[in-house]
4 protein chains.
Amino acid sequence: MIVVMKEGSTKEQVEHVVKRVREMGLKDHVIIGEERTVVAVIGNDRFKDHGVLENVDGVDRVVPILAPYKMASLEMKKERSVVPMGSDASARIGGKRIGVIAGPCSVESKKQTLEIAHAVKEAGAVALRGGAFKPRTNPYSFQGMAEKGLDILAEAREQTGLAIVTEVMAVEQVALVAKYADVLQIGARNMQNFNLLNAVGDQPKPILLKRGMSATLEEFLLAAEYIMSHGNQKVMLCERGIRTYEEYVRNTLALAAVPELHRVTHLPVIVDPSQGTGKSNLVDSMCRAAVAAGADGLIIEVHNDPEHAMTDGAQSITPPMFADMMKAIRRIAAAVDREV
Amino acid sequence: MIVVMKEGSTKEQVEHVVKRVREMGLKDHVIIGEERTVVAVIGNDRFKDHGVLENVDGVDRVVPILAPYKMASLEMKKERSVVPMGSDASARIGGKRIGVIAGPCSVESKKQTLEIAHAVKEAGAVALRGGAFKPRTNPYSFQGMAEKGLDILAEAREQTGLAIVTEVMAVEQVALVAKYADVLQIGARNMQNFNLLNAVGDQPKPILLKRGMSATLEEFLLAAEYIMSHGNQKVMLCERGIRTYEEYVRNTLALAAVPELHRVTHLPVIVDPSQGTGKSNLVDSMCRAAVAAGADGLIIEVHNDPEHAMTDGAQSITPPMFADMMKAIRRIAAAVDREV
Amino acid sequence: MIVVMKEGSTKEQVEHVVKRVREMGLKDHVIIGEERTVVAVIGNDRFKDHGVLENVDGVDRVVPILAPYKMASLEMKKERSVVPMGSDASARIGGKRIGVIAGPCSVESKKQTLEIAHAVKEAGAVALRGGAFKPRTNPYSFQGMAEKGLDILAEAREQTGLAIVTEVMAVEQVALVAKYADVLQIGARNMQNFNLLNAVGDQPKPILLKRGMSATLEEFLLAAEYIMSHGNQKVMLCERGIRTYEEYVRNTLALAAVPELHRVTHLPVIVDPSQGTGKSNLVDSMCRAAVAAGADGLIIEVHNDPEHAMTDGAQSITPPMFADMMKAIRRIAAAVDREV
Amino acid sequence: MIVVMKEGSTKEQVEHVVKRVREMGLKDHVIIGEERTVVAVIGNDRFKDHGVLENVDGVDRVVPILAPYKMASLEMKKERSVVPMGSDASARIGGKRIGVIAGPCSVESKKQTLEIAHAVKEAGAVALRGGAFKPRTNPYSFQGMAEKGLDILAEAREQTGLAIVTEVMAVEQVALVAKYADVLQIGARNMQNFNLLNAVGDQPKPILLKRGMSATLEEFLLAAEYIMSHGNQKVMLCERGIRTYEEYVRNTLALAAVPELHRVTHLPVIVDPSQGTGKSNLVDSMCRAAVAAGADGLIIEVHNDPEHAMTDGAQSITPPMFADMMKAIRRIAAAVDREV
């Protein structure tokens, strides 16, 4: 880190900073500029709280230099990670093939789920998404079918061979969800539910980690680091839109996150154009753009009867729309030397 | 809600919307304008998913009319709620007296905590804050003293009479934290951890609920509604700054939330100028502004040695700064016919 | 518009709203719901100030129904506009062919400009961008070469046949810039400089209008409407990133704006991945994504010596990088049935 | 500035950076850390484009150290500036007394303007605001009375002694507006209309500069620097709310900007709670909070008939509400050792 002193800071103040730096087990290097003095701090201060120095007399601000995450960083592991999503070798995220995960927002019934599962399988999806435990903004809204929903998902896997991706919302649900699912999803609202991150880090099933709705990429990677530091390296990152002032969408899909994440981490990156826009009519374009931007996977809400969907009807596309979209992205994938 | 049809929508499309509205158990009222047709929906649609209608052919968008929360609303309960924070009658939030909660970000040791507790008590605080379980962005940072920290907080209460406010991060911690604390705090990152909201709603200790870092006021009140709908009416709302593009602060303190919340809910409103700015030198001004804006309480980070604080050193003020601030807000409170 | 009354609003209050609506020359339709009364307002209220009704006793809020722009809307003109950028028929934005505009941020010298112009022409650009008048955040920064720069641009057109796109910053510059340029650019900071919008609307050269850094799409289209209502229909919209809390980019490129604008307006849509990210290493991916999302054009900063560029060095790509990018987007364009 | 090299950057890359730094006329200081090398740059690089170094091979990023403005900085001028607003000595912003500027959004008629002017004068305002040239989002909305409006404002000054504050939107209006007004206002949309900033810097009347709706404080101070570097030191800064995702307000009033600006600049700071919320019912609380936060002045929209106001009816308060607010802030001003 670099400690920037205020203009007119005294020699004693600089010496005090130096003393504090040494107390922290780090080395210092004082540079006296024409207008400002800065103290360059040498050593691994990645896990120190820089904030404490900001409150020291004479200090203007502290600039971190090292990225605060380690296991998630590309510096740590040079080759890109490929995360398997189930027993079928084709269901993996990372590598040349772009994996598509599709399915209903919520599991609503066996009939609905199986119908959608067969449809997305046929169109080329490698995994089925579907919520059994649903995080709902409103306490009076449908909260999911719970274990009954998980059971339906397992049957859909049985029938189609699709890997199952489903959300886990709480520590006490982890064992249950892991029993049925191939991939555990951590939702955007739980990206900094650290107890939950630790719990899914303690078990071996792969994790699809959604970016929090106003998380920075650094916070996003530190959430991954929580999971990885507990022993589970099979983490997939998912950009799902951020909250901005824009009003024609529910979230602003920040696609530049895809190449930027590829620049700093070895973990694969999935894009969610359904949550990432909140509008079914924007999903197709954003799937195309995500593939062109280099996404390793897509996760898409598909419903066979969106106007009766129990959740997220506004952003769900139908199986025929999904099939058309798959055709479109196959062509784009080929144009960027990938495949779907 | 109001369903706005697209320009050029057909009679059949309008009829289909009407059919769907009736299926939902609601009444319809079609208004044919010069350019657009709208379907006004009559009845309590508060807990329906409006999104499904947005995906119906010919529909442009759906505008909700009713607020989606009920128990938290001022329409439901006309007199303002007063929430007691412990056995001492003076420790309450709501009513004429503004309650000040102060203390360290984290419980670090018995000596540190007791010293700060005595200091803030003497300056006029009615409750002690201090974290025993710490939500940390970085997995390698100090995570709190856990039960040992709770024990120190209980001793501080013993010695000073201050009510204890401390954060609970997970369902499995609720019983333990409730055993020691007077008030359970739900942090900003957990504002939409619905399982946790339900769990604290199932027990009787009062809740200090922090606004999520990019939550709307409606989402904030729905989080309160989760707690209240599980049976716990003792909820205090806390504005703690929102995430924006601003860079001189960690968060932008949105003080207009205070009068706006007072307009729509009976729950008391606390302001956190420490998290709400992230800079110790801005805390005093924002405490003053919060009191002038009508806040029912303040929660402030105070540390006896900020430059050695284990967490949030940058935004902690010292006991002497706290005492000065208390003097300042007493005068402002009097000027707005309140007291501290 | 829909006027939503407060719960418990009186009959007199509703009658007063009705009276005001009729005074405004509009028709009313009162709907008494179970909890709320709403007044649906019928007629063209597009150009009325809805705000005044929000301050009427008993009114909770006002919901606009009609889009406030007219000439820019797809409802007004069903076929998509194609905007010619100069005398060469191939330099046009709109239609099957995606037009690429490229060049330095600033015109710095004749040698630099001509070298870049030849390079981008060879790689397939149809227009040359380059600033002669530069809007700079800092008053002490390089402010552009002014007319001398325009003269260099004209010579580049002479030599290459490329159309010239350059920014005009003030009303008093319009005639001068229009004398040299083929397309007048309105920068993001001037998107709501209404006097300037009127001035470029009063002359016939086509306009490349950049979205303001925190403009809504509605405000963006109203800025276009200013130009069009003054008589100039040749407007191209340019998405150039919005300001958000994200810190790894200078701006967040909101690519969903491309399909959304296509849904509501007939004007062509250009994407600026240089301003839209602020990082040269993200430009290539975002060019690809923009083409896949359906953009009608791209505008890209290219510099032959970025580390000595006088402005925007951080986001400029080199001619070889540009040539590679052009090859990449040609393949993607083909995959979405377009061409470059 | 500090140039942070990438992990694994080569010796040649570092040497190249050093060469570039010296070419810029600056001194370098290379620090080799355990994981990263940084090049500290010594000398006044305030007016250099740091971006160019970001594009140099091996460079990770560049961190500016010096604030880019100079004349606006508190380091340059230690005592706070007081800006006189007219011939009457009591009409000044800065110093112990808080100056209140009030009046209609737009000048609509002589009768309306005079009535409001007398009312706000009586309640204690020192200046009258009122727009004669109106920046309107919609080209079809009322655009102001132009010179006729200025004439009415001058008559209001004649009758009441109030200083006149009114907006100037374009370079070609500056001379005209300066002929009538005591203070020229630069609106939020024009905060980076650099030609206009230069033009008002070239004349002697004081300037009320509004913060752009998504401007950083640094950009805000650089806009002031434009005016000051052209010779006009009489600049008042005005916080008027920023654009965020919040939806219950038109803008989020960022009151921490008041103490932060006082920390870095000698210029006085005014708060606009009318634009800063967009809701008349939030104005009173935010006036109170602004005074408590240390504002040097307030600017408030007052209308005698808000529901017929031609502009901004939703956020205008009436003369009786204004008089009550003035009573309230007098008490708060006394509590913070100021006066109104």
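Residues numbered from 1 in each chain as written. Chains lettered and ligands numbered in written order. Predicted model: local features only at pLDDT ≥ 70, side-chain atom pairs only at ≥ 80, totals over all residues. Heavy atoms only, no water.

Peer 1: What exactly am I supposed to notice about the overall build of chain A here?
Peer 2: Within chain A, the regular secondary structure consists of 10 helices and 14 strands. When the backbone C-alpha atoms are referred to their principal axes, chain A occupies close to 75 × 45 × 40 Å. Of all 340 residues assigned to chain A, the portion counted as buried reaches 68%. Sequence separation of 24 or more characterises 67% of the internal contacts of chain A that already satisfy a separation of 6 or more. As presented, chain A carries roughly 10800 Å² of accessible surface, and 51% of it is formed by carbon and sulfur atoms. Distance between charge centroids for chain A: 4 Å, based on 41 positive and 43 negative side chains. (Helix = DSSP H or I, 4+ residues; strand = E, 2+ residues; numbered from the N terminus. Buried < 20%, exposed > 50% of the residue type's maximum accessible area, 1.4 Å probe, protein only. Contact = heavy atoms within 4.5 Å. Areas by Shrake-Rupley, 256 points an atom, 1.4 Å probe, with all protein chains shown as cover. Lys, Arg positive; Asp, Glu negative; His and termini not counted. Charge placed at Lys NZ, Arg CZ, Asp CG, Glu CD.)

Peer 1: Explanation requested: the relation of the copies chain A and chain B in the structure shown.
Peer 2: Two copies of a chain can be linked by a rotation about an axis combined with a shift along that same axis. If you rotate chain A by 180 degrees and push it 0.0 Å along the axis, it lands on chain B with an RMSD of 0.0 Å. Taken together, the rotation and translation describe the operation of a two-fold axis. Residue S214 of chain A of chain A places its C-alpha closer to the rotation axis than any other residue of that unit, at 3.2 Å. Same-surface contact between copies: 100% of interface residues of chain A are shared with the interface of chain B. (Least-squares fit on C-alpha atoms with pLDDT ≥ 70 in both.)

Peer 1: How should I be thinking about the pattern of salt bridges in this particular structure?
Peer 2: Proximity of charged atoms lets side chains of opposite charge pair with each other. One pass over the structure, following the stated rule, counts 104 salt bridges over all chains. Between R36 of chain A and D60 of chain A there is a salt bridge, with the nearest N and O atoms lying 3.7 Å from each other. Here the residue R36 of chain A occupies a position in the loop between strand 2 (27-32) and strand 3 (37-42), and D60 of chain A occupies one in strand 4 (residues 59-63), the gap between them amounting to 24 residues. When salt bridges that share partners are traced, they join R36, D60 and R61 of chain A together with E75, E260 and R263 of chain D into one network. (Salt bridge = Lys/Arg side-chain N within 4 Å of Asp/Glu carboxyl O.)

Peer 1: I keep staring at the domain arrangement of chain A and nothing clicks. Help me out?
Peer 2: It is common to give the size of an interface as the accessible area that goes away when the parts come together. Split by domain assignment, chain A resolves into domain 1 (2-63) and domain 2 (83-335). Using C-alpha coordinates to define each centre, domain 1 of chain A is positioned 44 Å away from domain 2 of chain A. (Domains from an automatic or database assignment.)

Peer 1: So what exactly am I meant to see when it comes to the sheet that holds strand 14 (residues 297-301) of chain A here?
Peer 2: The strands making up a sheet are joined through hydrogen bonds of the backbone, oriented either antiparallel or parallel. All names here are of chain A. Pairing is parallel around the closed barrel formed by 8 strands, whose spatial order is 7-8-9-10-11-12-13-14. Going from strand to strand, the sheet's axes swing by 25 degrees on average, the running direction of each strand aside. Packing against the sheet, helix 7 (residues 217-229) makes contact with strand 11 (207-210) and strand 12 (235-239), and its axis sits at approximately 160 degrees to strand 12. Against the sheet, helix 9 (residues 280-293) touches strand 13 (269-271) and strand 14, its axis set at about 170 degrees to strand 14. (Pairing = 2+ DSSP bridges. Axes fitted to C-alpha atoms, helices over the stretch in contact; angles between N-to-C directions.)

Peer 1: Explain the interface of chain A and chain B to me, please; I cannot follow it from the model alone.
Peer 2: Taken together, the contact between chain A and chain B spans 54 residues of the former and 54 residues of the latter. Carbon and sulfur atoms make up 46% of the area that chain A and chain B hide from each other, which totals about 4300 Å². On the chain A side of the interface with chain B, the three residues burying the most area are N55, Y140 and E307 of chain A, jointly 16% of the side's total. A salt bridge links E219 of chain B to R243 of chain A; the nearest nitrogen and oxygen atoms lie 2.7 Å apart. Linking chain A to chain B there are 29 residue pairs in polar contact (both at pLDDT 80 or more). For the side of chain A that touches chain B, the secondary-structure elements that each account for two or more residues are helix 1 (11-23), helix 2 (51-54), helix 6 (194-201) and helix 7 of chain A. The greatest single-element share of the side of chain A that touches chain B, amounting to 5 residues, is contributed by helix 7 of chain A. A per-class count over the side of chain A that touches chain B returns 20 nonpolar, 20 polar and 14 charged. (Buried area = accessible area lost by both parts, 1.4 Å probe. Polar contact = N/O pair within 3.5 Å; in protein donor to acceptor, adjacent residues only side chain to side chain. Nonpolar A, V, L, I, M, F, W, Y, C, P; charged D, E, K, R; others polar.)

Peer 1: Explain helix 3 (residues 110-123) of chain A here, please?
Peer 2: Helical periodicity: at 3.6 residues per turn, an α-helix aligns residues three or four positions apart in one direction. Residue and element names in this part refer to chain A. The end-to-end C-alpha separation of helix 3 is 20 Å, in line with the 20 Å expected for 14 residues at 1.5 Å each. Buried within helix 3 we find Q112, T113, L114, I116, A117, V120 and A123. Of the surrounding secondary structure, the elements contacted by the buried residues of helix 3 are strand 7 (99-103), strand 8 (127-129), helix 4 (147-160) and helix 10 (319-335). Just beyond helix 3, the residue with positive phi is G124, at close to 115 degrees. (Expected span 1.5 Å × (residues − 1).)

Peer 1: Even after reading the chapter, I still don't get the side chain of T252 of chain D, so can you show me in this structure?
Peer 2: Looking at where T252 of chain D falls in the secondary structure, it is placed in the loop between strand 12 (235-239) and helix 8 (257-264). Beyond its immediate sequence surroundings of up to four residues, T252 of chain D is in contact with I242, T252 and A254 of chain B together with E239, G241, I242, T244, E246 and G276 of chain D.

Peer 1: Could you clarify how one ought to interpret the sheet that holds strand 4 (residues 59-63) of chain D in this entry?
Peer 2: All names here are of chain D. Reading across the sheet, the 4 strands line up as 2-3-1-4 and stay open at both edges, with antiparallel pairing between neighbours. Either end of the sheet is taken by a strand with one partner, and the two such strands are strand 2 (27-32) and strand 4. Each adjacent strand pair in this sheet contributes to an overall mean axis angle of 20 degrees, direction not counted. Here strand 1 (residues 2-5) pairs with strand 3 (residues 37-42) via 3 bridges, running antiparallel. Bridging across to strand 3, V4 finds its partner in V38.

Peer 1: Would you mind showing me how to read the packing of aromatic side chains here?
Peer 2: For any pair of aromatic rings, geometry is given as the distance between the ring centres together with the angle between the planes. Residues and elements named next belong to chain B. Taken as a whole, this structure holds 4 aromatic pairs over all chains when the rule is applied. Summarising the aromatic geometry, the rings of F194 and Y226 are spaced 4.6 Å apart at their centres and angled 20 degrees between planes, so their arrangement reads as stacked. Taken together, the positions of F194 in helix 6 (residues 194-201) and Y226 in helix 7 (residues 217-229) put the pair 32 residues apart, joining distant regions of the chain. Considered together, F194 and Y226 belong to a single accessibility category, that of buried residues. (Phe/Tyr/Trp six-rings, centres within 6.5 Å; stacked < 30°, edge-to-face > 60°.)

Peer 1: Hey, could you run me through the interface of chain A and chain C in this one?
Peer 2: Counting residues at the interface gives 38 residues for chain A and 38 residues for chain C. Taken together, the two surfaces of chain A and chain C that pack against each other cover about 2900 Å², and 63% of this comes from carbon and sulfur. Looking only at chain A, the three residues that lose the most surface to chain C are Y245, Y248 and R331 of chain A, adding up to 22% of its buried area. Our count for the contact surface shared by chain A and chain C stands at 4 salt bridges. With a shortest N-O distance of 2.6 Å, R211 of chain C and E246 of chain A are connected by a salt bridge. At the boundary of chain A with chain C, the tally comes to 12 residue pairs in polar contact (both at pLDDT 80 or more). Taken together, the elements giving at least two residues each to the side of chain A that touches chain C come down to helix 8 (257-264), helix 9 and helix 10 of chain A. Here the element with the most residues in the side of chain A that touches chain C is helix 9 of chain A; it accounts for 8 residues.

Peer 1: Any chance you could explain the relation of the copies chain A and chain C here in plain terms?
Peer 2: Mapping chain A onto chain C calls for a screw motion: a turn of 180 degrees about the axis and a shift of 0.0 Å along it, with 0.0 Å RMSD after fitting. Interface residue correspondence from chain A to chain C reaches 100%, placing this contact among same-surface, isologous pairings.

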